[in-house]
Structures are given as C-alpha cells and as structure tokens.
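# Observations on the three-dimensional arrangement
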Amino acid sequence: MFLKNILRSEKYICHRILTRANSWNIVTSVCVERLPIVTPPLNEIQKKFKDLLWTVEVENSLKSDHELRHENDKKQAELLKNESVEVDLDTVSKITAQDYEDAANEELAKFQFAPIETDADKKGDNTSSDRCLQRHLVLVTEQKLGNDIKTILPQGHWKEGETLRQTAERVLQEQCGQELKVTFLSNAPCGFYKYKYPSELDGKVGAKVFFYYANFKDGTVSKNIKSKWLTRNEMSEFLPQRYDKVLKEFLIEETY
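Only a predicted model underlies this, so the values are computations on that prediction, with no experimental measurement involved. Numbering of residues begins from 1 in every chain and follows the order in which that chain's sequence is written. Restriction of local features to residues with pLDDT of at least 70 applies here, the model being predicted, together with a cutoff of 80 or more for giving and counting side-chain atom pairs; totals for whole chains, interfaces and linings are based on all residues. With hydrogens and water stripped out, all remaining heavy atoms of the structure feed into the side-chain values.

In this model, Cys132 sits at a positive phi of 45 degrees, which is unusual for a non-glycine residue. For the purposes of this entry, the term helix denotes a DSSP run of H or I that reaches at least four residues, the term strand denotes a run of E that reaches at least two, and both are numbered from the N terminus. Relative to the elements of secondary structure, Cys132 occurs in the loop between helix H5 (119-123) and strand S2 (137-145).

Okay, structure coming up:
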C-alpha cells in the first residue's frame, strides 16, 4: 500500500510537470557517478576529528587479548626467576606475546601498498572508470544537439506513459548499453536545467531537462558511444559553463 502511494504520487507529479510543459520538450538525464575507491587524504578538520575519536576510543576501551597475554607472560617470567616457587612449565606459553608482536612487525615491514596510479592514469585515458581512484568521477557522453556536438550527461526524450524515472532507466540502457550497472538513489529528480532552441522545433521552444542521480556499480559503457569519466575539474573543461554549474549544485564538493 505504501509503495502504491509513492508510485501514485510520482505519477501525479510527473503529470503536473508534463501538462504545464506543452511548448517544451521533456528530457530526462542521468548523472552516473563513480565514488572514490581509495579514501581521499584527510583535511585539517578531519585529521583533528580523527585524533579526537582515537583519544576517546583509547580512554574508554578495555585491554585487548594481546595486552592481557603480555601481562600474563610477564607474571610467568617473574615466577620463573623465583626459584622458591614451583611453576608448571606446561602452562607457560612457548611463544610469548612479544614473540608474536616481533613477528607481526617484521611481516608489516615487508608489506607494500599497491600503487594508487592505474594504467588508465599513466595513459591519460579518461574513457575508463579505473582512474583517479581517490576522486569522484562523472560519466559524460558526446551527443548531437542541433548542429553541434556537446559533451553532456546521457539524456533522452520522455515518452508518453512513462514516469521520469522510467525514462531515465531506459535512456541510460539505450545509450550506454546493458553492461553498465548502476543504482538509482531516488524516484525524484535531483536537479533541473532548461535551454531554448535557436528556432522553434516541431512547435517546441526548448527543452526542460530533469536530472536523476545514480551510483556506478560495475560494468563498462558500450563501445558504440563516445564517453568519458571526468573529475570535478575536468567537468569544467568539457561541459558547457551554465550546464556544469547546475550539475555541481547537487554533486558533493571535493575537499582537495
């Protein structure tokens, strides 16, 4: 019942939008974003907050099993030194906590982190999502608008009988292929943009674009379409200025 009410509300909202826009083309666009795979470096405020949490954790925490084992080893060592006290050697650990700690530190010293820079980074390949692992990446495609080729988000026209969310799902599948797997985060648009045509087209003065937001999960974009995965700074280079400004109103701003 709750789900039916949500769907009914969405269709009602879509109907109101569409009935008011007879002189405009209704377009749905999808902002597919690949979230950072590697944690970005912390800024100063985040570092201070991290240190505060660590201090509180240490103050409120109990002793770990390793610390208790360390204390027990010390007690056993003191008893062994005291010849007047009989000690059951079977109960004395053959591998002490210090031995375990030394072995762990030796293994840690040999460990090396994998490089953050990928092959796509080295080649400067912005068509791959396997790049800039510490940054947000947004999928953009090349599309023909009138006589011009523009780099924008995947978008397409609404069809009669569809909700805007259904149009967004269809457009993304048609333009980017079925191998691209994403998760839509809402039934409602997250942004809006409109532009006028140079001259009236089929009785329409322009297009109203409703943006939907989705997180990239897996897969690749179809090879039949020219696409790029862009960082925030790169978006400003490739996208139209006003269009880019609208997108950044609903995208999380990076701190570095």
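On to helix H8 (residues 241-248). Residues three or four positions apart in an α-helix share a direction because the helix packs 3.6 residues into each turn. Three exposure classes are used, based on accessible area relative to the maximum for each residue type with a 1.4 Å probe and protein chains only: buried under 20%, partly exposed in between, and exposed over 50%. By the burial criterion, the buried members of H8 are Tyr243, Asp244, Val246 and Leu247. Within H8, the buried residues cover an arc of 160 degrees as seen down the axis, which keeps them to one side. Opposite the buried face of H8, by more than 90 degrees, sit the exposed residues Gln241 and Lys245. Taking the helix axis as origin, the arc is that swept by the directions to the C-beta atoms.

Counting 21 residues, the largest nonpolar core has Leu153, Phe211, Tyr243, Leu247 and Leu251 as the members making the most contacts within it. Breaking this core down by element, the ones donating at least two residues are strand S1 (24-34), S2, strand S6 (191-201), strand S7 (204-218) and H8. Top contributing element to this core by residue count: S7, with four residues. Contact between two residues is taken to exist if any of their heavy atoms lie within 4.5 Å; hydrogens are not considered. Sequence-distant contacts of Leu251, that is, excluding residues within four places in its chain, are made with Cys31, Glu33, Val138, Tyr213, Arg232 and Met235. Remark: nonpolar core denotes a set of buried residues (Ala, Val, Leu, Ile, Met, Phe, Trp, Tyr, Cys) joined through side-chain atoms within 4.5 Å.

Another aspect to go through is the side chain of Asn126. Along the chain, the position of Asn126 falls in the loop between H5 and S2. Ignoring sequence-local partners within four residues, the contact set of Asn126 consists of Arg131, Lys228, Trp229, Leu230 and Phe238.

What follows is about the pairing of strand S8 (residues 227-230). Going residue by residue along S8, you find Ser227 and Trp229 tucked away on one face and Lys228 and Leu230 tucked away on the opposite face as well. In this structure, S2 lies alongside S8, joined through four bridges in antiparallel fashion. Its bridge partner lying in S8, Val140 is registered against Lys228. A pair of strands is treated as paired once DSSP finds two or more bridges between them.

Moving on to the pattern of salt bridges. Pairs may arise between side chains of opposite charge once their charged atoms sit close together. When a carboxyl oxygen of Asp or Glu is within 4 Å of a side-chain nitrogen of Lys or Arg, the pair counts as a salt bridge. Taken as a whole, this structure holds ten salt bridges when the rule is applied. For the salt bridge of Arg131 with Glu234, the shortest nitrogen-to-oxygen distance reads 2.9 Å. Of the two residues, Arg131 sits in the loop between H5 and S2 while Glu234 sits in helix H7 (residues 232-238), which places them 103 residues apart along the sequence. Neither residue differs from the other here; Arg131 and Glu234 are each classed as buried. Several salt bridges share partner residues, and in doing so they unite Glu162, Arg170 and Glu174 into one network.

Keep in mind that these numbers describe shape and distance, not what the molecule does.
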